[in-house]
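Below are the chains, spelled out letter by letter.
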Amino acid sequence: MVGFSNSVIKEVDELFSRYPVKVHALLPLLHLAQRVNDGWLPSGWDAYVADLCDTTVNHVRGVITFYNMFHTKPVGRHHIMVCTCLPCGLCDGDKLLTHLEERLGLHPGQTSADGLFSLEEAQCLAACDKAPLMMVNDKLHENLTLEQVDNWIEQARKKK
Ligand code: FES
């Protein structure tokens, strides 16, 4: 079903109260919409959010497709983004991505059969000085060693 529940609408109202016009709350509203939809934006939520913000669907779609933190397809419970841009590439960002591909049996754009992990090769995650790094949902894991990555995967599987 498309639309925030009554309990979440209170959060929406609180968000709107922080801005002079509703459309300025678009980014946090989209994050909120993803949060209530298991990390992605199903069909219809773009129009719903546009209506809430008094803006157009095309505006909302433009924002959703511009930022790589918004997803229009289901993602894993742990959505892993790895930056392989030049600064991170020089600090083994590529090796980190290859390691995750091997350990998870996934290529970028894929989700594990159990829905636990999805993998994405990302553009700059705004933490270039902390490479190699990965962002899992909204949390950055910085200055990673491959051993730390293995430990993180093991812990994530245990919490399943
Ligand atoms: S280039 Fe990788 S985080 Fe900026």
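For every chain, the first residue of the written sequence is number 1, and numbering continues from 1 along that sequence. Residues qualify for local features only when their pLDDT is at least 70, as the model is predicted, and side-chain atom pairs are given and counted only at 80 or more; totals for whole chains, interfaces and linings, by contrast, use all residues. Excluded from the side-chain calculations are hydrogens and water; all other atoms, namely the structure's heavy atoms, are used.

### Considerations on the pairing of strand S1 (residues 78-83)
Relative accessible area decides the class of each residue, using a 1.4 Å probe on protein chains only: under 20% of the type maximum gives buried, over 50% gives exposed, and in between gives partly exposed. A run of H or I in DSSP counts as a helix once it spans at least four residues, and a run of E counts as a strand once it spans at least two, with each numbered from the N terminus. The buried fraction of S1 amounts to six of the six residues, a majority that puts the element mostly inside the structure. Judged by which residues are buried, S1 turns out to be covered on both faces: His78, Ile80 and Val82 on one side and His79, Met81 and Cys83 on the other are all buried. Bridge analysis of S1 against strand S2 (residues 117-122) gives six bridges, and the strand direction is parallel. The partner of Met81 across the bridge, within S2, is Glu120. Here the rule is simple: two strands pair whenever DSSP picks up at least two bridges between them. Where S1 and strand S3 (residues 134-136) come together, three bridges link them in antiparallel fashion. Opposite Val82, over in S3, you have Met134 as the bridge partner.

### Some points on the domain arrangement of the protein
Segmentation into domains, and thus their bounds, comes from an automatic or database assignment. When the domains of the protein are assigned, the result is domain 1 (6-66) and domain 2 (78-159). One C-alpha centre belongs to domain 1, the other to domain 2; they are set 27 Å apart.

### Examining helix H7 (residues 146-159)
Over its 14 residues, H7 extends 20 Å from the first C-alpha to the last, a length consistent with the 20 Å expected when each residue adds 1.5 Å. Of the positions making up H7, those classed as buried are Val149, Trp152, Ile153 and Ala156. All buried residues of H7 project into a common sector of 100° when viewed along the axis, lining one side. Seen from the buried face of H7, the exposed residues on the opposite side, beyond 90 degrees, are Glu147 and Lys158. Multiplying 1.5 Å by the helix residue count minus one yields the expected span of that helix. The directions considered for the arc are those from the helix axis to the C-beta atoms.

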